[in-house]
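Next come the chains, spelled out residue by residue.
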Number of protein chains: 2
Amino acid sequence: MKTEKISDAVVRRLPVYLRFLNELSRREVPTVSSQELGQKLDLNPAQIRKDLAYFGDFGRKGIGYDVPYLIEKIRQILNLDQQINVALIGAGNLGQALSNYNAYVKDNMKIVAVFDSSPAKIGTMINNIEIQPIEELIETVKKKNIRIGIITVPDVEAQRVADQLIEAGIGAILNFAPIIIKAPAEVRVHAADFTTDLMSLAYYLDGGKETTNDDSKMAD
Amino acid sequence: MKTEKISDAVVRRLPVYLRFLNELSRREVPTVSSQELGQKLDLNPAQIRKDLAYFGDFGRKGIGYDVPYLIEKIRQILNLDQQINVALIGAGNLGQALSNYNAYVKDNMKIVAVFDSSPAKIGTMINNIEIQPIEELIETVKKKNIRIGIITVPDVEAQRVADQLIEAGIGAILNFAPIIIKAPAEVRVHAADFTTDLMSLAYYLDGGKETTNDDSKMAD
DNA sequence: TAGATTGTTAATCGATTAACAATC
DNA sequence: TAGATTGTTAATCGATTAACAATC
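Just so you know, these numbers come straight off a predicted model, no measurement behind them.

Reading guide: rules and limits
Residues numbered from 1 in each chain as written. Chains lettered and ligands numbered in written order. Predicted model: local features only at pLDDT ≥ 70, side-chain atom pairs only at ≥ 80, totals over all residues. Heavy atoms only, no water. Helix = DSSP H or I, 4+ residues; strand = E, 2+ residues; numbered from the N terminus. Contact = heavy atoms within 4.5 Å. Areas by Shrake-Rupley, 256 points an atom, 1.4 Å probe, with all protein chains shown as cover. Lys, Arg positive; Asp, Glu negative; His and termini not counted. Charge placed at Lys NZ, Arg CZ, Asp CG, Glu CD. UniProt positions renumbered as here; feature names shortened; annotations may be inferred. Buried < 20%, exposed > 50% of the residue type's maximum accessible area, 1.4 Å probe, protein only. Arc of directions from axis to C-beta. Near = heavy atom within 4 Å. Polar contact = N/O pair within 3.5 Å; in protein donor to acceptor, adjacent residues only side chain to side chain. Nonpolar A, V, L, I, M, F, W, Y, C, P; charged D, E, K, R; others polar. Patch = residues over 30% accessible without salt bridge, like charges linked within 9 Å, V, L, I, M, F, W, Y side chains within 5 Å. Salt bridge = Lys/Arg side-chain N within 4 Å of Asp/Glu carboxyl O. Pairing = 2+ DSSP bridges. Axes fitted to C-alpha atoms, helices over the stretch in contact; angles between N-to-C directions. Phe/Tyr/Trp six-rings, centres within 6.5 Å; stacked < 30°, edge-to-face > 60°.

## Some words on the overall build of chain A
Argument step 1. Within chain A, the regular secondary structure consists of nine helices and 10 strands.
Argument step 2. Each of the three principal axes of chain A carries a C-alpha extent, and together these read 70 × 60 × 35 Å.
Argument step 3. Once local pairs closer than 6 in sequence are excluded, the contacts in chain A between residues at least 24 apart make up 58%.
Argument step 4. Taken as a whole, chain A presents about 11,100 Å² of accessible surface, with 48% of it coming from carbon and sulfur.
Argument step 5. Counting 26 positive and 29 negative side-chain charges, chain A places the centres of these two groups 7 Å from one another.

## Quick word on the UniProt feature "binding site: NAD(+)" (unreviewed entry) in chain A
Argument step 1. As recorded in UniProt, the feature "binding site: NAD(+)" (unreviewed entry) lies at Gly90, Ala91, Gly92, Asn93, Leu94 and Gly95 of chain A.
Argument step 2. If you trace the backbone, Gly92 of chain A turns up in the loop between β4 (84-89) and α5 (93-100).
Argument step 3. Using a relative accessible area of 23% as the deciding quantity, one classes Gly92 of chain A as partly exposed.
Argument step 4. In contact with Gly92 of chain A, other than residues within four places in its own chain, are Asp116 and Lys121 of chain A.
Argument step 5. Among the structural elements, Asn93 of chain A can be located in helix α5.
Argument step 6. Leaving out residues up to four positions away in the same chain, Asn93 of chain A has contacts with Ala97 and Asn100 of chain B.

## Quick look at helix α3 (residues 45-53) of chain B
Residues and elements named next belong to chain B.
Argument step 1. Among all positions of α3, only Ile48, Asp51 and Leu52 are buried. Down the axis of α3, the buried side of the element spans an arc of 90°, and every buried residue falls inside it.
Argument step 2. Buried residues belonging to α3 abut α1 (8-26), α2 (34-41), β3 (64-66) and α4 (67-77).

## With respect to the protein's contact with DNA strand C
Argument step 1. The environment of DNA strand C is made up of 23 residues, and the closest members are Ser34, Arg49, Gly59 and Tyr65 of chain A together with Ser7 of chain B.
Argument step 2. Atoms of DNA strand C within 4 Å of the protein belong to the sugar or the phosphate in 61% of instances, the rest to bases.
Argument step 3. Between DNA strand C and the protein, one listed contact pairs a sugar or linking oxygen with a side-chain N or O atom of Gln47 of chain B at 2.9 Å.
Argument step 4. One nitrogen or oxygen atom from the side chain of Arg60 of chain B is found 3.0 Å from a sugar or linking oxygen belonging to DNA strand C.
Argument step 5. Among the secondary structure elements, those contributing two or more residues to the surface near DNA strand C are α3 (45-53), β2 (59-60) and β3 (64-66) of chain A together with α3 of chain B.
Argument step 6. Among the elements that take part in the surface near DNA strand C, α3 of chain B stands out by supplying four residues, more than any other.
Argument step 7. Taken together, the residues of the surface near DNA strand C sort by class into four nonpolar, nine polar and 10 charged.

## Notes on a negative patch on the surface
All names here are of chain A.
Argument step 1. Judged by side-chain charge, Glu130, Glu135, Glu136 and Glu139 come together as a negatively charged surface patch.
Argument step 2. Relative to the elements of secondary structure, Glu139 occurs in helix α7 (residues 137-143).
Argument step 3. Owing to a relative accessible area of 52%, Glu139 belongs among the exposed residues under this scheme.

## Section: unusual backbone geometry
Residues and elements named next belong to chain B.
Argument step 1. Residue Asp42 is not a glycine yet carries a positive backbone phi of 55°.
Argument step 2. Tracing the backbone shows Asp42 in the loop between α2 and α3.
Argument step 3. Of note, the phi angle at Asn79 is positive, near 65°, even though the residue is not glycine.
Argument step 4. One can find Asn79 in the loop between α4 and β4 (84-89).
Argument step 5. For Asn79, a relative accessible area of 4% translates into the label buried.

## With respect to the sheet that holds β2 of chain A
All names here are of chain A.
Argument step 1. If you trace the three strands from one edge of the open sheet to the other, you get β1-β3-β2, paired in antiparallel fashion. Each end of this open sheet is capped by a strand with a single partner; those strands are β1 (31-32) and β2.
Argument step 2. Two strands pair when backbone bridges link them, and β1 and β3 are joined in this way by two bridges, in the antiparallel orientation. Of the residues in β3, the one forming a bridge with Thr31 is Asp66.
Argument step 3. Packing of helix α4 (residues 67-77) onto the sheet brings it into contact with β1 and β3, and relative to β3 it is tilted by some 75°.

## A short note on the packing of aromatic side chains
Argument step 1. As enumerated under the stated definition, the model contains eight aromatic pairs over all chains in all.
Argument step 2. Ring plane angle 80° and centroid distance 6.4 Å describe the contact between Phe55 of chain A and Tyr203 of chain B, whose orientation is recorded as edge-to-face. Of the two residues, Phe55 of chain A sits in the loop between α3 and β2 while Tyr203 of chain B sits in helix α9 (residues 194-203), which places them in two different chains.
Argument step 3. Assessed through its relative accessible area of 14%, Phe55 of chain A is described here as buried.

Structural data, given as structure tokens:
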């Protein structure tokens, strides 16, 4: 175990490991090697061993990793050995879809408050949570010990919402709006805008030009 | 302009540039420097210049980049100068939310088919598109020249759906299911599972341990 | 014991940043 | 012209992979 600081690339792989380990656990597989993990997750086994070794000696030479033990350790590393309260800001289509995902709950992440600016929505229930006006954001985040905010408001409102989350002392933000959120260094922000992802995928298409490849016009 | 192969990191930044350039265009800003872009997008100006220079000499020394021209060029690079047909597989909450986003349309990406395995949903309309049974996936992808598939089915079905997309000759896949999709090298797959993202954010919280910081026990 | 697999160091590979000549 | 800013090379930084001694 070292005391270097851990890169974001490493941290982002931990949930991927955890996810698959949970599946192994469900199937009651007792141990797993970096080899097997790498195969299943399309990663280099050395990288997996190195990632895990940043945090401790979790494996056993000649054997591999004990599945339940490694699950426990990764959950500790990710702070998921305690409930993490999450706020959702923006109860539109996407926000509603996310709130319905209760996948987080088993991972100890729970949406405990939902906010929206539309008067029509305020007071209505979404997944057993009453939608609150954004004016109550700061107070509620403090009162309910909310650590992460998920932003699903339109882009023009996103930075304003982020500023309020930051003022309320949020720890991290998952931003679905298609803008770059500005935040102080101590507040981690991840971009989750899938339209950006989708556009980058288009790059890898060969342009659909197979059928329209008319070279005769390219003589100038 | 070089003929090196372009890294995914570069490709993923292009839509971010495009997004902001579109905003500048709306505000009728005629030119922009790498300096300004970097400031707004939290990126190093040298990196932006380098990214763009992979594809051509788009800027003018002493001036910067012409906004409309750069927009046109990036759209060409991303194949977004033509309509890209997209299929959505999985008409659950998330799928419905994504289908309602018509942000893609202005970027020339259009969902032209939606599939689901639930008999109750088949035949119903979602955003003006009739939900089809998954059995029709392969045929429809071919017939409608669909290039990208968005997978929003439950994890146990995701690989099966991907296999069918691949069989139908899809170019790229955006996968929202929390599993690693296996695909041949020529089919690009991006992971878009936000629960993974959310879990990695939890790492950056200081564990809610601010109040439990009892140094007296650390003397060993 | 023999085979397997870790943890870790060293080697490699790739991406970011600094610096600056070219030039608008 | 003087100031600004690109495109590009070189320097730096960081992440991935290979290799292997340690050991179960």
